[in-house]
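Spelled out, the chains give:
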Amino acid sequence: MKLLHQITAAVLTVLTADSVHAQDKKSKQWEAMDYGPFLSGTFNNAEGKNTLEAKGSATNKGVAIKVGKEGEATMLFDTELLRMSGGWTNGWLNLKGVVFDGGHGPNPSPVKDANIFFQTNPGPGWSKAGSFADPRAIPKGPGAAKVPLGPLPGDWAKYKGLSVHGDKVVVVYSVGSAMVAEMPSLETEADQKLLTRTFNVFAKGAAANLLVADAAEGATAKEEKNIVTIADPKNADALVAIAVIGAPMGAKWEIAGSRVQMNLPNLQGNEAFKVVYWKGAAADLGKFMSAARAATKVERLEQYTKGGPAQWTETVTTKGELGKPAGNASYVVDNLNVPLENPYKSWMRTTGFDFFKDGRAAISTWSGDVWIVSGIDEKLEKLTWKRYATGLFQPLGLKVVDDKVYVLGRDQITRLHDLNADSEADVYENFNNDVQVTPGFHEFALDLHTDPEGNFYFAKGGPVNPGGSGWGPLSEHNGCVIKVSKDGSKLEVFATGVRAPNGMGVGPKGEVTVGDNQGTWVPACYLHRVKQGDFVSVVDLSHKDPLPTSHPPHLMFFPMSVDNSGGAQVWVTSEKWGPFKDRLLHLSYGQASLLGTMLETVNGVEQGGAFRFPFKFDTGVCRARFSPLDGQLYLTGLRGWQTSGAKDGAFQRVRYTGSKVYLPNEMRVTDKGIHIGFTNPVEAASASDAGNYAIQQWNYQWTKSYGSPDFKVSDEKAKGRDPVEIKSVKLSADRKSVFLEVPGLKPVNQMEIKMKIKGEDGSALPDTITNTINAVGSDAKVAAAQ
């Protein structure tokens, strides 16, 4: 059985061994989209309550599975607790929330007027040693959620993944050492609708009890003649009846308070049975009995786990647009046009991507898709877009490793498998789902990278309150940089104290960086080199006792005009992209721009400055990679919250033309002034003129307030900026560096250097460099190094 072999073999071995952008509510693109046979997310219950209420079908990490024709009914599976959270007819979901209608607070819930057949309260879906007591700890610390979070311990039960076969979805998980496959369905017999759960057991395990339903408040459950009924004394037309078909020998019903459970004997590894739910008038109970007897036989689920028929057979072709260099421009921006209009009405807000070895790209979207793009070549004449996967939980990061696609959602890292080579994912494997999730609308999981050893990294935001200030109930992982082992078996907190880090980076030598967005405890956007165990900035998300009173220095801050909402970082690994090999680039999502950085280390302290490349992107760029084939820089992003980018999504290439590059590439701060280096000689007249330079500086206040005004260095209580006198300007003999004489420099949060100089070919250089001074070096050492 390929699903079990691919998803569970290793596990069996172990067991035996900010202000979010409001969407255009008139378009209702979120309602028109075909999401596929399932959708992963956080879900409220039928009453609109979230998991903090610990009642009904509310689920932190759920898979809403369409059953029946065109989603006429729904079953909601909990991938953390291995419970079927609920089942209903009359439709699918009420799509509310930040990724759908832009709402700040709500989560999707059963469709309005859903006919709820059953719900189960948050808690384990299977017992361990006869107990359903939730073994998970409640998070600790100020502001922590007061309910358990995260998945069950692996030796209790563990979600392995799901397999898609047409409109059928099979979930696979362990219960102790047993391996279980489960498939929800809707069957109609003699006009009676039956929600069913088919179970196949594939590995031996100890006796366990299956949670089948929780009676609603005021309802009573009883068992008679192997049929359980749940009666609502206020509504005789809302009787729920539950039966089991093909029950293992020795299985029996048990009603424990409001909980309806089926107690199973020791599992032999060959069981196949089906639980059947019905809802109707008490007078029609006999119809259920007849319908249950006529229900389909218990199926063997292996047939649905080997790769099913392709669902997204219609590809979309677009033609790219090559940028036209102005004059001797060294870089141009090409557009790989995203099919914003497509047969599946998929909302193409592109969020993460990476390349296969052959140059194709896999791109995720915020609404849950992965698309494969082929035809990426020099001319971009024919780009073919193929829908590869659907239903993922707000994926904001994607990485290709050994030509396998790994996608980061809020719930887990998912590894995708195409078993039958039809260019569609058949298996959505849970690579690691140990990260904790709350129902907060803003706690995104962001970006996905690997280090040279193959470990994965991503950033986890805080559950920002509507309006942007403060937090909802916290998990143990909010505000953390997370590391996951190469094999997915271990998740650990790498660093703490980030707020809303829409991007990070891992370099070729394992250099971990992260940016963040202005807000609570973040006075301005910054770039930070992360070391294991770091506390980065946000005290409330430090997960430390006592709370920190300081943090390591950031590499640099950015004024709002330069970066008001950061994206990812990428190291230049290509020899084909001009003179920036081994340099770090930073994306500004808010300004839709690309920043080059100039880093230095002074007495063991890192710091740096940045300049903006002379172009603007079509959307809020937040992810970047270099192609393994052409060596050029590719970027993607979205318009999901505030950005100056205009398009919902874009895929663009920054291509080096081969012309001489006239840009800054070096910065050194010393006790005598500032050295700025350039990639090629600059024009002597403009670069030597002191009137073409101006410097100002200011500090920020690091407080729990939302952001910080600018404060003068000369008077720490006064708002504003200080001008900095430049005593002289000296151009080097090779005209590739300039020295600005500024004696007495001291550490400062923010400096801005304005320049009006040209390259030797007459082209204008960037007019602004912004930087942070954490330490002042020795000019004698700089001179000696030169």
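Residues numbered from 1 in each chain as written. Predicted model: local features only at pLDDT ≥ 70, side-chain atom pairs only at ≥ 80, totals over all residues. Heavy atoms only, no water.

K.L.:
Any details on the sheet that holds strand 44 (residues 664–669)? Residues and values, ideally.
P.N.:
By definition, the strands of a sheet pair up through backbone hydrogen bonds, in either a parallel or an antiparallel sense. Spatially, 44-45-49-48 is the arrangement adopted by the four strands of the open sheet, whose pairing is antiparallel. Each edge of the sheet is formed by a strand with only one pairing partner; in this case those strands are strand 44 and strand 48 (728–731). Taking each pair of neighbouring strands and ignoring which way they run, the sheet shows an average axis angle of 15 degrees. When strand 48 meets strand 49 (residues 737–741), the two strands line up antiparallel, connected through four bridges. In the sheet register, K730 faces strand 49, and the bridge partner there is F739. (Pairing = 2+ DSSP bridges. Helix = DSSP H or I, 4+ residues; strand = E, 2+ residues; numbered from the N terminus. Axes fitted to C-alpha atoms, helices over the stretch in contact; angles between N-to-C directions.)

K.L.:
Give a description of the pattern of salt bridges that names residues and reports values.
P.N.:
Overall, the coordinates contain 32 salt bridges when judged by the stated rule. Measuring nitrogen to oxygen at the nearest pair gives 3.2 Å for the salt bridge that ties E72 to K193. Of the two residues, E72 sits in the loop between strand 2 (59–67) and strand 3 (73–78) while K193 sits in strand 11 (residues 192–203), which places them 121 residues apart along the sequence. A salt bridge links E443 to K460, with the nearest nitrogen and oxygen atoms 2.9 Å apart. Taken together, the residues E443 in the loop between strand 28 (427–432) and strand 29 (445–450) and K460 in strand 30 (residues 456–460) connect sequence positions 17 residues apart. Taken as a pair, E443 and K460 share a single burial class, namely buried. (Salt bridge = Lys/Arg side-chain N within 4 Å of Asp/Glu carboxyl O. Buried < 20%, exposed > 50% of the residue type's maximum accessible area, 1.4 Å probe, protein only.)

K.L.:
Residues and numbers for the confidence of the model for the protein chain, please.
P.N.:
Of all residues in the protein chain, 96% have pLDDT values of 70 or greater, and the mean over the chain is 94. Counted against residues more than four places away or in other chains, residues 1–23, with its pLDDT under 50, gives 61 contacts. (pLDDT = per-residue confidence, 0-100. Contact = heavy atoms within 4.5 Å.)

K.L.:
Let's hear about the pairing of strand 44: which residues, and what values?
P.N.:
Direction of pairing for strand 44 relative to strand 45 (residues 673–678): antiparallel, over a ladder of five bridges. Within strand 45, the position partnered with P664 by the bridge is F678. From the end of strand 44 to the start of strand 45, which pair antiparallel, there are three residues.

K.L.:
So what's going on with helix 3 (residues 285–294)? Which residues, and what values?
P.N.:
Helical geometry note: an α-helix holds 3.6 residues per turn, so side chains three or four residues apart project in the same direction. When we look at burial in helix 3, the residues that qualify are F288, A291 and A292. End-on view of helix 3: buried residues confined to an arc of 100 degrees, all on one side of the axis. Those residues of helix 3 that are buried are in contact with strand 10 (178–189), strand 11, strand 14 (227–232), strand 15 (235–245) and strand 18 (272–280). (Arc of directions from axis to C-beta.)

K.L.:
Could you give me a rundown of the packing of aromatic side chains, with the residues and numbers involved?
P.N.:
For the structure shown, the criterion picks out 37 aromatic pairs. Between Y406 and F431, the aromatic rings sit 5.1 Å apart at their centres with planes inclined by 85 degrees, giving edge-to-face as the arrangement. Taken together, the residues Y406 in strand 26 (residues 404–408) and F431 in strand 28 connect sequence positions 25 residues apart. The exposure class of F431 is buried, given its relative accessible area of 6%. Aromatic side chains Y406 and F456 sit 5.0 Å apart centroid to centroid with 40 degrees between the ring planes, which places their arrangement in the tilted category. A residue pair is termed long-range when its members are at least 10 positions apart, and Y406 in strand 26 and F456 in strand 30 qualify at 50 residues. On the basis of relative accessibility, which here comes to 6%, the residue Y406 falls in the buried class. Following the ring pairs from residue to residue traces out a cluster consisting of Y331, W577, F580, F611, F613, F615, F617, F626 and Y656. Across the ring face of W92, the terminal group of K66 is positioned such that the distance to the ring centre comes to 4.3 Å. Here R387 stacks its cationic end above the ring of W312, 4.4 Å away from the centre of that ring. (Phe/Tyr/Trp six-rings, centres within 6.5 Å; stacked < 30°, edge-to-face > 60°. Lys NZ or Arg CZ within 6 Å of the ring centre and 35° of its normal.)

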